[in-house]
Amino acid sequence: MFPIPCCMMDQIQLGLLVAIAIMALMAILVKITTKPFPNILNFEQEKSFKKSKSGSELEDFPSLDSPGSIHLSVIVPAYNEELRLPKMLEECLEFLEARKSSYEVIIVDDGSADTTTEVGLGYVDKYGCDKVRVLSLAKNRGKGGAVRMGMLKARGENLLFADADGATTFEDLGKLEEDLAKIEVDGHGLVCGSRAHLEEESIASRTVLRTILMYGFHACVWIFAVKTVRDTQCGFKLIKRKTAQIVFKTLHIERWAFDVEMLKIAEMLELPIGEVSVRWSEIEGSKLNPIVDAVKMFMDIALLWLRYAIGAWKLPSKQE
């Protein structure tokens, strides 16, 4: 082995010191410019919902802080989903109507430029505004922001968010409910639908780039955020009302990586978390750009780790 010259050792040490100093300055900058809890905006048009498609009568949404008054709320975030939403709602509502328990479906139009709101209001007319409601956001917030706003206005004791593409078979809700009942502690619990069992099959049909990005994302999530759930991104998650009250008032990330922060919050607060395999199929029309959105998600996850690690983002207690 060749000895390292003293001058080179000095340069290496200097480089390390500079890198540490830059990282420390970044951490300080992040901490002093970051608010410990999110500022959740609620615009005037988001405080009420239309009771029919053609009428002008409005009714105020309730608050998540109020006691639950029905069994299940289904939150459906939708951005320009006029084409895919009907099929998902037909399956969802047919399944829920066949059950004897009370429910509501809240379609959250995340600032769409198409007729997503009108499509949703068609189902309000068909099923009534006690069962189907449309929340039209004043501006696009991202999937996480849309899910949060729907959750904050839900009446259910159990709250499910489900993607508008209908990729997950709705009958699998029963599996999530069974697992939630098993893990629930003091009114808390969160169960994730999972596609992890389909991973080998999906790899066979994906490009090499998508497979690399998938493994890189899983590694990033495990290292920096969530260790108890294999599939953090499946859009089919069931949450107890008490857990939703904590998680969605603490959540900062409003775009694709919001699931990761939601689960990290639950892990740090030691809330019960479950994961159940569900049936899932690829649906055309995804708005996710595999490269651009992967970079954004990697950055979001690294920054969320840093912000919680240095105390820039705070956690509430389980009682709050």
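Up top you'll find the structure we're talking about.
About the thresholds
- Residues numbered from 1 in each chain as written.
- Predicted model: local features only at pLDDT ≥ 70, side-chain atom pairs only at ≥ 80, totals over all residues.
- Heavy atoms only, no water.
- Helix = DSSP H or I, 4+ residues; strand = E, 2+ residues; numbered from the N terminus.
- Buried < 20%, exposed > 50% of the residue type's maximum accessible area, 1.4 Å probe, protein only.
- Contact = heavy atoms within 4.5 Å.
- Areas by Shrake-Rupley, 256 points an atom, 1.4 Å probe, with all protein chains shown as cover.
- Core = buried A, V, L, I, M, F, W, Y, C linked by side-chain atoms within 4.5 Å.
- Pairing = 2+ DSSP bridges.
- Patch = residues over 30% accessible without salt bridge, like charges linked within 9 Å, V, L, I, M, F, W, Y side chains within 5 Å.
- Salt bridge = Lys/Arg side-chain N within 4 Å of Asp/Glu carboxyl O.

Asker: What is the right way to read the overall build of the chain from this model?
Answerer: The helix and strand tally for the chain stands at 10 helices and 9 strands. Across the 320 residues in the chain, those meeting the buried criterion constitute 47%. Across the chain, the fraction of contacts at a sequence separation of at least 24, relative to all contacts at a separation of at least 6, is 82%. Looking at the chain as shown, the accessible area adds up to about 16,200 Å², and 59% of this sits on carbon and sulfur atoms.

Asker: Looking at this structure, I do not really get the nonpolar core. What am I missing?
Answerer: Buried together is how nonpolar side chains tend to be arranged in soluble globular proteins. Grouped together as the largest cluster of nonpolar side chains are 80 residues, with contacts concentrated most on Val74, Leu96, Val105, Leu160 and Phe170. Per element, the largest residue contribution to this core is 7 residues, and it comes from helix 2 (residues 85-98). For Leu160, the residues in contact, after removing those within four places along its chain, are Leu72, Ser73, Val74, Ile75, Met151, Phe170, Leu173, Leu176, Phe236, Lys237 and Leu238.

Asker: Where do I start with unusual backbone geometry in this structure?
Answerer: It is generally the case that most residues other than glycine have a negative phi and that most peptide bonds are trans. The backbone phi angle of Asn80 is positive, close to 50°, even though this residue is not glycine. Following the sequence through the fold, Asn80 ends up in the loop between strand 3 (70-78) and helix 2. Overall, the relative accessible area of 26% leaves Asn80 in the partly exposed class. Notably, Glu270 is not glycine yet its phi reads approximately 55°, a positive angle.

Asker: Could you clarify how one ought to interpret the pairing of strand 9 (residues 273-277) in this entry?
Answerer: Side-chain direction in a regular strand flips from residue to residue, so the side chains alternate between the two faces of the sheet. Residues Gly274 and Val276 of strand 9 are buried on one face, while the alternating residues Ile273, Glu275 and Ser277, pointing to the opposite face, are not. With 5 bridges connecting them, strand 7 (residues 190-194) and strand 9 associate as parallel partners. Each bridged residue has a counterpart across the sheet, and for Val191 the counterpart in strand 9 is Gly274.

Asker: Is there a simple way to explain a nonpolar patch on the surface in this structure?
Answerer: A surface patch of nonpolar side chains, amounting to about 450 Å² of accessible area, comprises Leu25, Ile28, Leu29 and Ile32. Among the structural elements, Leu29 can be located in helix 1 (residues 6-32).

Functional significance is not addressed by these values, which are geometric in nature.
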